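# Observations on the three-dimensional arrangement
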Amino acid sequence: MEIIYVYTRKRSEFGRPCNFSDRPAKVSVDIPPDPSMASGFILRNPVDSYVQHTSDMSEHEVNTERVEVESRGVNHVEGGWPKDINPQEVEQTIRFRKKVEKDENYINSIVHLGSLMEHCVKQNNAINIYEEYFEEEEVAEVEDEPPSAKTINVISKLTSFFDVLLSKRDPNVTKRTATHLSWHPDTCKKLAVAYSSLEFQQNMKDMSFDSYIWDLENPNKPELVLKPSSPLVSLEYNPKDSHVLVGGCYNGQMAYWDTRKGGLPVEVSAVEVSHRDPVYGAIWLQSKTGTECFSASTDGQVLWWDIRKLSEPTETLVLDITRKGLLENALGAITLEFEPTLPTKFMVGTEQGIVIACNRKAKTPAEKITSTYSGHHGPVYALARNPFYPKIFLTVGDWTARIWSEETKESPIMWTKYHLSYLTDGCWSTVRPAVFFTTRSDGTLDVWDFLFKQNDPSLSLKVCDEPLSSLRLQDNGCIIGCGSKLGTVTLLEISSGLCTLQRNEKMLATAMFERETKREKILEARHREMRLKERARSEAQETEVEERPVESPQEVLDRARKEFFEVIEAELQRRARAETQHLHGKVKGRVGEEAAAQGEESQLPKDKEEEEEEKDAA
Amino acid sequence: AEVEETLKRIQAHRGVVATIVINAEGIPVRTTLDNSTTVQYAGLLHQLTMKARSTVRDIDPQNELTFLRIRSKKHEIMVAPDKEYLLIVIQNPCE
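Throughout this document, residue positions are counted from 1 along each chain, in the order its sequence is written. Throughout, the order in which chains and ligands are written sets their labels, letters from A for the former and numbers from 1 for the latter. At least 70 in pLDDT is required for a residue's local features to be given in this predicted model, at least 80 for side-chain atom pairs to be given and counted, and no such filter applies to totals for whole chains, interfaces and linings, which use all residues. Just so you know, side-chain values use all the structure's heavy atoms and leave hydrogens and water out.

### Some thoughts on the overall build of chain A
To keep things clear, this is the line we draw: The helix and strand labels rest on DSSP assignments: H or I over at least four residues marks a helix, E over at least two residues marks a strand, and numbering proceeds from the N terminus. A 1.4 Å probe rolled over the protein chains alone gives each residue an accessible area, and that area as a share of the maximum for its type sets the label: buried under 20%, exposed over 50%, partly exposed in between. By the convention used here, residues are in contact when the closest approach between their heavy atoms is within 4.5 Å. To measure how exposed things are, a 1.4 Å probe is used in the Shrake-Rupley method; for residues, cover is taken only from the protein chains shown.
The secondary structure content of chain A amounts to nine helices and 28 strands. Looking at chain A as a whole, 40% of its 618 residues qualify as buried. For chain A, restricting intrachain contacts to residue pairs at least 6 apart in sequence, the fraction spanning at least 24 positions comes to 50%. Roughly 39,000 Å² of accessible area belongs to chain A as shown, and the carbon and sulfur atoms make up 52% of that amount.

Structure (structure tokens):
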């Protein structure tokens, strides 16, 4: 039965004021019970019902106010004198002292204390109780404490206090990624961090553009606020002049600051001649004037600048590996690498996974690009030369980190295993030749010691829950700063075992790198031989089609799929075993499994590619 | 007189730089150093001795502080505490 109530009004009565009146309740509908419908229901006896008796709890959070500490000095004045004696008056103090000395108690106690004291004084004179015996033997001790690292400081961008002052419109503060870190060249007590949001078109109106220079002694308030016209993606201190910094902006401009002059850039490059995409890499060059730098961006250009004249770049290079200099073919650059000891060469890591080595002093633009190294499946996020062996460099991208030698262009000489999460940044240790650090997008920092173990990192630290986006090692090799996606910069101090040079390490590292390089060279030579033979054979027998037991593409696919699932099964079983061991690894294990499944799923197309490549070569 | 003798004897030992006697309130009664340094030592060591004494007592109420030795890179400061006075000697331990 339908209950409808219709309300009608004359058009001429629209807009009239309402007259409300009260009337008693009126029954609109009365539906009596219908016993015949009871047959459609079944009586249930007993009925399960639950009761809970707990006390009502409410959740409440309290945050203590952070105490602002300020350093002050206190001046001590002589005190303790009894009220009637003025400490400035010499006579009174002398009189007081004489009175004390006449006291019998004084005499007794002093005599007693004197004998006690004499005993110790004589002891000191007789023998040095803290003498170091067996000093030489300590050097031979082997450092066998497990490698560890300790967080010494966490700088979270002071969003609440600071930014509310700047953007009064919106109390929520948007978190930005700490995209680049640069240590102060001399003191290493200051850290410049560039903050920007790298998500495409996620820029919200109230996101502040500032980047900060932090002093390590004071993690609450930045020492200096840099105010560019667009957020900074990269930021570097000038190694020669520690007051000057250059920054690459999100909109492609370059700007430079002088910390003595404040937070506004001294000069900004003109928009027309700058990059068209965020400037991901900006590095200072070695030059007599100390004012030259160069920058790279995903628009495919590398530009050289002199900061005294930022209105136009001094030189440009288009990253086109077909060497034609066409911007359409250019690869986008994500990282830039420059070693002051090799001033004419530099390397660029691209979005397409290729590393390009270039020579700045080449005559024609075509010759500027000397060689390319391809091997990564995704953008090369970090590129670093080994400070001890300039020919060896490290690239970090997709799920692995690879070590290359300049001579072998086809493949890396060493690489890490495929991880479950992206690797976002990496750098070599400045102290030990075979140690390097990588950060992952699950918030973990890995320390690899390739001389010791190549399968796993020597130390894996979960720094935070959000992805880590940048990493920078201080020059002394002990302190690392990592920046995360939400803008938190964490400083870690690594245990001395990982940052002191061991006895034969240099020799062993040299031997290891040479061995791997030789192995790759031999493999390369073999591949080349086989390819030549292939070509010769196919040229000689052009008309005849050779009968080879060729697997059809379908069979290749089936084989690949079968192998892939076997790998997944083994992995799942291993994880199930690990799960039962951990108490609260339950949730994490499941999440890990999903990530593992995802990670390995995307390996399938690569596995297929690799297999086809192998077939072609064979 | 005996006091004089004792203090002179201590001062005469090899390596002893200074001797200070302070009373319970921290006032230097006898000293071989200049006033400002003495006052500094007196104030700081007095507080430290009080703290050390109370620490020893807290750990074991039956125990009490008999001697306090602070060895630093340059000298060794020795403090002999008493109920009312403090005898402080600064020595260069020979090595």
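### A few points about the sheet that holds strand E5 (residues 85-91) of chain B
How we decide: The criterion for strand pairing is that DSSP finds at least two bridges linking the strands in question. Whenever a helix is involved, its axis is fitted only over the stretch in contact; in every case the axis is a line through C-alpha atoms, and angles between N-to-C directions fall within 0 to 180 degrees.
Reading across from one edge, E2-E1-E5-E4-E3 (chain B) is the order of the five strands in this open sheet, with antiparallel pairing throughout. Since the sheet does not close on itself, it has two edges, and those belong to strand E2 (28-31) and strand E3 (68-71) of chain B, each with one partner. Each adjacent strand pair in this sheet contributes to an overall mean axis angle of 15°, direction not counted. Where strand E4 (residues 76-81) of chain B meets E5 of chain B, six bridges bridge the pair, whose relative direction is antiparallel. The partner of Ala80 of chain B across the bridge, within E5 of chain B, is Leu87 of chain B. Here helix H2 (residues 104-126) of chain A sits on the sheet and contacts strand E1 (16-23), E2, E3, E4 and E5 of chain B; the angle it forms with E5 of chain B, its principal contact strand, is near 25°.

### Points about the environment of Lys227 of chain A
All names here are of chain A. Topologically, Lys227 is positioned in the loop between strand E5 (224-226) and strand E6 (232-237). Along the backbone, Lys227 and Pro265 are 38 residues apart, and their C-alpha atoms lie at a distance of 7.1 Å. If we ignore the near neighbours within four places in the chain, the residues touching Lys227 are Asp210, Trp257, Gly263, Leu264 and Pro265.

### Thoughts on the nonpolar core
To keep it simple, the criterion reads: Joining through side-chain atoms within 4.5 Å is the link that ties buried Ala, Val, Leu, Ile, Met, Phe, Trp, Tyr and Cys residues into a set, and such a set is a nonpolar core.
Membership of the largest hydrophobic core comes to 21 residues, with the highest contact counts inside it found for Tyr106 and Met117 of chain A together with Met78, Leu87 and Val89 of chain B. Only helix H1 (90-102) and H2 of chain A together with helix H1 (2-12), E1, E4 and E5 of chain B provide two or more residues apiece to this core. For this core, the element with the highest residue contribution is H2 of chain A, accounting for six residues. Contact partners of Tyr106 of chain A, with chain neighbours within four places excluded, come to Val100 and Glu101 of chain A together with Val3, Val21, Val29, Arg30 and Tyr85 of chain B. Tyr389, Ile413, Trp428 and Phe513 of chain A belong to the second-largest nonpolar core, a separate cluster that totals 19 residues.

### A short note on the packing of H2 of chain A against H1 of chain B
Going by this rule: Roughly parallel here means an angle under 35 degrees, roughly antiparallel means over 145, roughly perpendicular means 65 to 115, and every remaining angle is called oblique. In this scheme the crossing of two helices becomes right-handed for a clockwise turn of the near helix relative to the far one and left-handed for an anticlockwise turn of less than a right angle. All residues other than Ala, Val, Leu, Ile, Met, Phe, Trp, Tyr, Cys, Pro, Asp, Glu, Lys and Arg, Gly among them, are scored as polar; the first ten of these are nonpolar and the last four charged.
One can describe the packing of H2 of chain A onto H1 of chain B by two numbers: an axis separation of 9 Å at closest approach and a directional angle of 20°. Relative to H1 of chain B, the element H2 of chain A lies roughly parallel. Crossing angle aside, the handedness with which H2 of chain A passes H1 of chain B is left-handed. Of the residues in H1 of chain B, those touching H2 of chain A at Tyr106, Ile107, Ile110, Val111, Gly114, Met117 and Glu118 of chain A are Glu2, Val3, Thr6, Leu7, Arg9 and Ile10 of chain B. Among the residues making up the contact of H2 of chain A with H1 of chain B, the classes are represented as eight nonpolar, two polar and three charged.

### Re unusual backbone geometry
Asn45 of chain A connects to Pro46 of chain A through a cis peptide bond whose omega is 5°. Turning to its location among the elements, Pro46 of chain A is positioned in the segment before H1.

### Some words on the sheet that holds strand E15 (residues 345-350) of chain A
Residue and element names in this part refer to chain A. Pairing is antiparallel in the open sheet, where four strands are placed in the order E14-E15-E16-E17. Edge strands, defined here as strands with exactly one partner in the open sheet, are strand E14 (333-338) and strand E17 (369-374). Sheet twist, expressed as the mean angle between neighbouring strand axes with direction ignored, is 20°.

### Observations concerning helix H2 (residues 35-59) of chain B
Residues and elements named next belong to chain B. Put simply, the test is: A helix is expected to span 1.5 Å multiplied by its residue count minus one.
Compared with an ideal rise of 1.5 Å per residue, which puts 25 residues at 36 Å, H2 spans 36 Å between its outermost C-alpha atoms and is within 8% of the ideal. Considered for burial, the residues of H2 that qualify are Thr38, Tyr41, Ala42, Leu45, His46, Thr49, Ala52 and Arg53. Close packing links the buried residues of H2 with E1, E2, E3, E4 and E5.

### Looking at the pattern of salt bridges
We count it as follows: Only one rule defines a salt bridge in this text: a Lys or Arg side-chain nitrogen within 4 Å of an Asp or Glu carboxyl oxygen.
One pass over the structure, following the stated rule, counts 25 salt bridges over all chains. In this structure, Arg559 of chain A engages Glu563 of chain A in a salt bridge whose closest nitrogen and oxygen atoms are separated by 3.9 Å. Highlighted residues: Arg559 of chain A and Glu563 of chain A, both in helix H7 (residues 553-581), separated by four residues, approximately one helical turn. Arg559 of chain A sits in the partly exposed class, given a relative accessible area of 31%. In this structure, Glu76 of chain B engages Arg69 of chain B in a salt bridge whose closest nitrogen and oxygen atoms are separated by 2.9 Å.

### A closer look at H1 of chain A
Operational definition: By construction, the arc corresponds to the directions joining the helix axis to the C-beta atoms.
Helix length check: H1 of chain A, at 13 residues, gives a terminal C-alpha distance of 19 Å against a target of 18 Å (1.5 Å per residue), a fit within 8%. Among all positions of H1 of chain A, only Thr93, Phe96 and Val100 of chain A are buried. The arc that holds every buried residue of H1 of chain A, seen down its axis, measures 60°, which confines them to one face. Seen from the open side of H1 of chain A, the exposed residues pointing more than 90 degrees away from its buried face are Val90, Glu91, Arg95, Lys99 and Lys102 of chain A. Where the residues of H1 of chain A are buried, they touch H2 of chain A together with E2 and E5 of chain B.

### Quick look at the interface of chain B and chain A
Under the convention used in this document: The term polar contact refers here to a pair of N or O atoms within 3.5 Å; inside protein, the definition further demands a hydrogen-donor-capable atom paired with an acceptor-capable atom, and it admits residues adjacent in sequence only when both atoms are side-chain atoms.
Taken together, the contact pairs 36 residues of chain B with 30 residues of chain A. The salt bridge involving Arg9 of chain B is made with Glu118 of chain A; its shortest N-O contact spans 2.7 Å. For the interface between chain B and chain A, the tally reads five residue pairs in polar contact (both at pLDDT 80 or more).

### Some thoughts on the pairing of E3 of chain B
Residues and elements named next belong to chain B. Strand direction decides the pairing type here: E3 and E4, joined by four bridges, are antiparallel. Bridge assignment links Ile70 to a residue of E4, and that residue is Ile77. Hairpin geometry of E3 and E4 is characterised by an intervening segment of four residues between the two adjacent antiparallel strands.

### Focus: the pairing of strand E19 (residues 392-397) of chain A
Residue and element names in this part refer to chain A. Counting buried residues in E19 gives six out of six residues, a clear majority hidden from the surface. Both faces of E19 are covered, namely the face carrying Ile392, Leu394 and Val396 and the face carrying Phe393, Thr395 and Gly397. For E19 and strand E20 (residues 400-405), the ladder comprises six bridges, and the chain directions are antiparallel. Its bridge partner being in E20, Ile392 is matched across the sheet by Ser405. Here E19 folds back onto E20 in antiparallel fashion, the turn holding two residues, of which Asp398 has a positive phi close to 35°.

### Quick notes on the environment of Ile70 of chain B
Residue and element names in this part refer to chain B. Take Ile70: it is sitting in strand E3. A C-alpha to C-alpha distance of 9.6 Å links Ile70 and Ile90, two positions 20 residues apart in sequence. Every residue in contact with Ile70, bar those within four places of it in the chain, is listed here: Leu45, Leu48, His75, Glu76 and Ile77.

### Examining the environment of Gly290 of chain A
Residue and element names in this part refer to chain A. With respect to the helices, strands and loops of the structure, Gly290 is situated in the loop between strand E10 (279-284) and strand E11 (292-297). In the structure, Gly290 is positioned 49 residues away from Asp241 in sequence and 7.6 Å away in space, judged by C-alpha atoms. Excluding residues within four positions of it along the chain, Gly290 makes contact with Asn238, Lys240 and Trp284.

### Some details on a nonpolar patch on the surface
Inclusion rule: Nonpolar side chains (Val, Leu, Ile, Met, Phe, Trp, Tyr) within 5 Å and like charges within 9 Å form the patches, drawn only from residues with over 30% relative accessible area and no salt bridge.
Together, Ile3, Val29 and Ile31 of chain A make up an exposed nonpolar region whose accessible area comes to about 290 Å². Relative to the helices and strands, Val29 of chain A resides in the segment before H1.

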